[in-house]
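Descriptive analysis of the structure
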Amino acid sequence: MPDIIQLLPDAIANQIAAGEVVQRPASAVKELIENAIDAGATSIKLLIKESGKTLIQVIDNGQGMSETDARMSLERHATSKIRTADDLFRLRTMGFRGEALASIAAVSQMEIKTRLPQEDLGTLLLVEGSEVKKQEPTACEKGTSISVKNLFYNIPARRNFLKSNGVEMSHITEEFQRLALAHPNIAFALIQNDELLFDLPSSKLSQRIVNLFGKNYQSQLAPVQEETSLLKITGYIGRPELAKKKRGEQFIFVNNRFIRNNYLGYAITSAYEGLLQEGSFPFYALFIDIDPKHVDVNVHPTKTEIKFDDERAVYGVVWSAVKQALGAHNLAPAIDFADDVNLIGKLSSQPLSREQYYDEQFSNSLQRSNLQNWEKIFEQEAPNSRLFDKSEQKTTVRFESSLNKQESTIADETEKGLFQYQNKYIIRATRNGIMFIDQQSAHERILFEKYLTQLKGVPGNSQQSLFPQTLTLSAPDFALAMEMEREIVALGFRFEVFGKNTLLISGMPAEISGSEKELFEGLIEQFKKNQSELHLPIRENLAQALAKRASMKSGQKLSPEEMEALVERLFACPNPNFSPEGRPTFFIFDSSKIESYFTR
Ligand code: ADP
Ligand code: MG
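Residues numbered from 1 in each chain as written. Chains lettered and ligands numbered in written order. Predicted model: local features only at pLDDT ≥ 70, side-chain atom pairs only at ≥ 80, totals over all residues. Heavy atoms only, no water.

1. Remarks on the overall build of the chain
Condition: Strands here are runs of E lasting at least two residues and helices are runs of H or I lasting at least four, both read from the DSSP assignment and numbered beginning at the N terminus. To sort residues, take the accessible area from a 1.4 Å probe on protein chains only and compare it with the maximum for the residue type: under 20% means buried, over 50% means exposed, and anything in between is partly exposed. Pairs of residues are marked as contacts when any of their non-hydrogen atoms sit within 4.5 Å. Exposure was quantified through the Shrake-Rupley algorithm and a 1.4 Å probe, taking into account, for residues, occlusion by the shown protein chains and nothing else.
Secondary structure summary: the chain contains 19 helices and 24 strands in total. When burial is assessed residue by residue, the chain has 52% of its 600 residues classed as buried. A separation of at least 24 residues holds for 68% of the contacts in the chain among residues at least 6 apart in sequence. Accessible surface computed for the chain: about 29,400 Å², of which carbon and sulfur atoms make up 51%.

Here it is as structure tokens:
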């Protein structure tokens, strides 16, 4: 029997690939605009005729292509953006598979006009169903113009499958909006059947939103800004009044790519809880920056679903960031304490500097507190603590082990309405509901801020050991410890070299109980773990590592004073909402929710 397996002719292979890349006119729009962005364009025009069925044209002023490159760009797997498989993991450009132009050219009549800035003449290429019909020099603007005519002209089944002009055009507009939002610094225009639909000058994101969605958005946006060691989130959310009956205007970008993730969408809408009418959808355009290693991106070019390795942590940060933005702009009822000033609202209503804010919180908390109590639980700290620099009183909280306190099986209550639940959570009434604070996460946040301050220039106090301990480390750990000697001392440790790979530890950070040896070893271990998992800068890493090791743990019983102090200090942190690892430190169970259980 003769051999029957043959390689497919390129044109057919391209057509098959096209089925994946180009599903409808909007997918071609996305690929062409992304190429223009990758080419460094500062101005991009999109021309559409008959919802893309007869014409999709993208004109850019980017770097253009040489004669040879213009020809090469049509080959499958031809790309200027990656050279090795390794590059796949360092992608900063939008496209990378070198498939788009080849695929689109396989199912349309394509005209490419392109010119390098330094050349006088450009190149014109006419392609039909992958076949190059003409290539010649031409006079044209610098940059590239690609026209895609009669999409699917050679696959009637697919062409018939296209939806009405209205539907296809709305898909195009959607892609256009996503790309324009993600690149506000690039000027965009969209012209449909010779009518200018969008004319977007280069601008700030807020202005871009207004230009895209309407003037009435101007006063209706609240900025979102949050940064943890895991991710950074920026962007805008709309006031509840701006919410639409349709889901359309909701955008999440991860590392500047539009993505879909229902779980995150849910995090955002649930932060609006109680503010939205049933069946209405708030506006948001949020940008998450996260190390790509925490993201499982499906590299299929048309897929927008992605997953995070720690969805819950991302959820927590997004939820709090939105909640805070809502509170900060008085869009939501402020989540302040029943009897206290609005700590969270203050925190977010910017103009205060970090120091001013801290001062204010500190004096507030002194006023609020029963001073006798404070004296009992606060110990005098040496005068160099930055945290309380500007106040008269230099104090710090001490969390003693409560083992020798009387254990009680029921929750403890203070006059302020604080309870401890399961020795894990502190529960406190607020004006708008009941706040649950995770004691361990809260304490980690407090310590993290404190250690970071110490590492940034104001060394912390040390408590001297009665009996200095020796600690022998592995050679690499010893080297690491020596390398970070200055930082470790800033945290409050005192140590000296005491023989080969051995240290004599004579002091450790104040207000921590336990063995200095174990703490030191634990710090090094945690540091190394963070290093391999989180890639934090040294100071953040050390601060986080020590905070994690030194924090009190879930399961520890707290006295009312300790609870009180923990809450005070948490909300004096510039960023009280999460643990340094991004876990939420608290949430509020809405009073409206409580009421809903009892509605008659
Ligand atoms: P990819 O974007 O994945 O590299 P494409 O098929 O979309 O693959 O494009 C192939 C190549 O053609 C790109 O790598 C780029 O070098 C070139 N190219 C495409 N569009 C443009 C453009 N508008 N300006 C300059 N070069 C472009
Ligand atoms: Mg591309």
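2. Focus: the nonpolar core
Note the threshold: We define a nonpolar core as any set of buried Ala, Val, Leu, Ile, Met, Phe, Trp, Tyr and Cys residues linked to one another through side-chain atoms lying within 4.5 Å.
Judged by nonpolar contacts, the single largest core of 59 residues is most densely connected at I33, L46 and M110. When residues no more than four places from it in sequence are discounted, the contact partners of M110 are L74, L101, I104, A105, L125, L126, V127, I146, S147 and V148. Judged by nonpolar contacts, the second largest core, of 32 residues, contains L230, A267, I268 and Y284.

3. Remarks on helix α18 (residues 560-572)
We apply this condition: Residue count minus one, scaled by 1.5 Å, sets the expected span of a helix.
The end-to-end C-alpha distance of α18 is 18 Å, a good match for the 18 Å that 13 residues give at a rise of 1.5 Å each. Among the 13 residues that make up α18, eleven are buried, leaving the element largely enclosed by the rest of the structure. Where α18 is concerned, the buried positions are E562, M563, E564, A565, L566, V567, E568, R569, L570, F571 and A572.

4. Observations regarding the packing of aromatic side chains
Ring pairs (aromatic) are described by centroid distance and by the angle formed between their planes. The condition is simple: Here a Phe, Tyr or Trp ring, Trp counted by its six-membered ring, pairs with any other such ring whose centre lies within 6.5 Å, and the pair is stacked when the planes are under 30 degrees apart, edge-to-face when over 60, and tilted otherwise. When the NZ atom of lysine or the CZ atom of arginine is within 6 Å of a ring's centre and also within 35 degrees of its normal, the charge is said to sit over that ring.
What the rule picks out here adds up to 16 aromatic pairs. Relative to F188, the ring of F176 has its centre 5.7 Å away and its plane inclined at 85°; by these criteria the two rings are edge-to-face. Here F176 is found in helix α6 (residues 165-182), whereas its partner F188 is found in strand β7 (residues 187-192), with twelve residues between them in sequence. When its relative accessible area of 2% is taken as the criterion, F188 is described as buried. Pairwise contacts between aromatic rings join F213, Y217, F251, F253, F258, F283 and F287 into one cluster. The ring of F258 carries R178 above its face, with NZ or CZ at 3.8 Å from the centroid.

5. Observations concerning the pairing of strand β9 (residues 221-227)
In summary, the side chains of a regular strand alternate between the two faces of the sheet. How we decide: Strands are treated as partners if at least two bridges between them are detected by DSSP.
As paired strands, β9 and strand β10 (residues 231-238) are joined by seven bridges and run antiparallel to one another. Each bridged residue has a counterpart across the sheet, and for E227 the counterpart in β10 is K232.

6. Observations regarding the packing of helix α13 (residues 439-455) against α18
Two quantities define a packed helix pair, namely the angle between the axes and the distance from one axis to the other. Quick reminder of the rule: Orientation is described by axes fitted as lines to C-alpha atoms, over the contacting stretch for helices, and by angles from 0 to 180 degrees between their N-to-C directions. Angle categories: roughly parallel below 35 degrees, roughly antiparallel above 145, roughly perpendicular from 65 to 115, and oblique for all the rest. Left-handed is the label given to a crossing in which the near helix is rotated counterclockwise from the far helix by less than a right angle, and right-handed is the label when the rotation is clockwise. Lys, Arg, Asp and Glu make up the charged group, whereas Ala, Val, Leu, Ile, Met, Phe, Trp, Tyr, Cys and Pro make up the nonpolar group; the residues left over, Gly among them, are polar.
Following both chains from N to C, one finds α13 and α18 inclined at 55°, their axes separated by 9 Å at the closest point. Overall, the two elements α13 and α18 adopt an arrangement that is oblique. For the element pair α13 and α18, the recorded crossing hand is left-handed. Residues Q439, A442, H443, R445, I446 and K450 of α13 form the contact with α18, whose own contacting residues are L566, R569 and L570. Of the residues belonging to the contact of α13 with α18, the class tally is four nonpolar, two polar and three charged.

7. Brief notes about the packing of helix α2 (residues 25-38) against α6
Between α2 and α6, whose axes approach to 8 Å, the crossing angle comes to 20°. In terms of orientation, α2 lies roughly parallel with respect to α6. Crossing angle aside, the handedness with which α2 passes α6 is right-handed. Contacts between α2 and α6 involve P25, A26, V29, K30, I33, E34 and I37 from the former and E168, H171, I172, E175, F176 and L179 from the latter. Taken together, the residues that form the contact of α2 with α6 break down as eight nonpolar, one polar and four charged.

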